[in-house]
Amino acid sequence: SVTGVQTCALPIYEAPKDAAWAYADFGKAGKVKQRIEMHDPDFTRIVFANGVVLNFKHTEFEKGVVDVRVRFGWGRREIPNGQYFLASFGSGLLPGAGLGKHSWTEMGRLFADRGWEAKLRIDTDAFVWAGESADTALDSQLEILAAYMVDPGFRTEVDPRIPTAADLIDKAYRTNPEALAGDALERAVDPKSPNLIPPKAEMAAWRVKQLEPIFRPALTQSPIELTIVGDVTEEDAVAQAARTFGALPPRAPVDRRHADTWFLRFPASAPSAPIRVTHEGAPEKAAVQVYWPLWVAEPKRRREEYAIGLLARIFNDEVRHRVREDMGKTYAPEARAAMPDFDDQGYLVAAVTTSPADADAVAAAEIGRAHV
């Protein structure tokens, strides 16, 4: 028997009590000022009195699913070059930094029975929130994204996750031959590229408050273009948009673009020797990437771009036939063209994952097929 031990009943567990959702009311629902039927592609454009634009299209590709996009600001063009990697890193953390009146954890509990998303990406000339929800949860999805546009939290609760995220990114670059090859290309083209991964210690020292001057002005001041596509009626989409984004105060356009935004530009002549780097991942894997620089894409050269796209498909078939079927050196070779408008210089690339012993033979085959 045990003596001299005092026991007591454990306290009954009580789930945390969250405050009521603070962003259900954005004010008086906005009025529709204009409705335009667009063609090629077909969709409806609706302009609210506060200037918010809604692009709407009803689809039934996925029953009961609705995609939402919120486009705002100047994206990459309004981020200082020296802060671009920080911004790219932080865009994945920003949703977890919550709202002014709710933490990310609270939001998860408040909407545990509702399907919603909040993902932020940086495009060349805009920031974009993306979310997918059920048609029955569109009201919550729009409330959450509108809340990020008026009261982003930049809460420090996310800071403890940053060193882990930095470690994962660093390892991904060092152990992934494809990622390391892309990084090596930019280092060779321009050692000062803002896309280059910083040292792990530098990333680990970043804090969420450093993101606030980068993102807050665009979030809270920029005009908004909203897109709703999916299995929802126009009537419901307009009604939900009107009471959220349509109810916000008008936003005047402000040009925050930087004149010196860095974009990839290839040198006039190629390096005299292949660029070789060593990864720290699986020793049986090697990446071979061969690039052919093109031009900076723009709409007036679209016909040429279509021709390059067709060439890329033909080249993709040729590389697959030669490297996979004839040589048996890889399973999934790829050739593709990348030509974003007014962005990085376009290029055609053949990319193959193979073994280190076969890398030179694969590179020669890729170049050879390109000249057939």
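Residues numbered from 1 in each chain as written. Predicted model: local features only at pLDDT ≥ 70, side-chain atom pairs only at ≥ 80, totals over all residues. Heavy atoms only, no water.

**Things to note about the side chain of Asn-195**
Next up, step 1: As for its placement among the helices and strands, Asn-195 is situated in the loop between helix H5 (177–189) and helix H6 (200–204).
Next up, step 2: For Asn-195, a relative accessible area of 18% puts it in the buried group.
Next up, step 3: Reaching out from Asn-195, the side chain makes a polar contact with the side chain of Glu-186 at a distance of 3.3 Å.
Next up, step 4: Discounting residues that sit within four places of it in the chain, Asn-195 has contacts with Arg-76, Tyr-84, Phe-85, Glu-186 and Trp-262. (Helix = DSSP H or I, 4+ residues; strand = E, 2+ residues; numbered from the N terminus. Buried < 20%, exposed > 50% of the residue type's maximum accessible area, 1.4 Å probe, protein only. Polar contact = N/O pair within 3.5 Å; in protein donor to acceptor, adjacent residues only side chain to side chain. Contact = heavy atoms within 4.5 Å.)

**Let's talk about the sheet that holds strand E3 (residues 53–58)**
To summarise the sheet geometry, strands pair through backbone hydrogen bonds and adopt either a parallel or an antiparallel arrangement.
Next up, step 1: Strand order in this open sheet of 7 strands is E1-E2-E3-E7-E4-E6-E5, and the pairing throughout is mixed. The sheet is open, and its two borders are formed by strand E1 (32–38) and strand E5 (119–122), each paired with just one other strand. Strand-to-strand, the axes of this sheet are offset by a mean angle of 20°, without reference to chain direction.
Next up, step 2: In the sheet, strand E4 (residues 65–72) pairs with strand E7 (residues 224–230) via 7 bridges, with the strands oriented antiparallel. Each bridged residue has a counterpart across the sheet, and for Asp-67 the counterpart in E7 is Val-229. (Pairing = 2+ DSSP bridges. Axes fitted to C-alpha atoms, helices over the stretch in contact; angles between N-to-C directions.)

**Here's the deal with the nonpolar core**
Next up, step 1: Counting 63 residues, the largest nonpolar core has Val-70, Trp-129, Phe-215, Ile-228 and Phe-245 as its most contacted members.
Next up, step 2: In terms of residue count, helix H3 (residues 138–150) provides more of this core than any other element does, 8 residues in total.
Next up, step 3: Once residues within four sequence positions are removed from consideration, Phe-215 is found in contact with Ala-87, Ser-91, Leu-94, Leu-120, Ile-122, Phe-127 and Phe-154.
Next up, step 4: Core analysis: the second largest hydrophobic core is formed by 14 residues, Val-288, Val-323, Ala-350 and Val-362 among them. (Core = buried A, V, L, I, M, F, W, Y, C linked by side-chain atoms within 4.5 Å.)

Everything listed here is a matter of geometry and, on its own, says nothing about what the molecule does.
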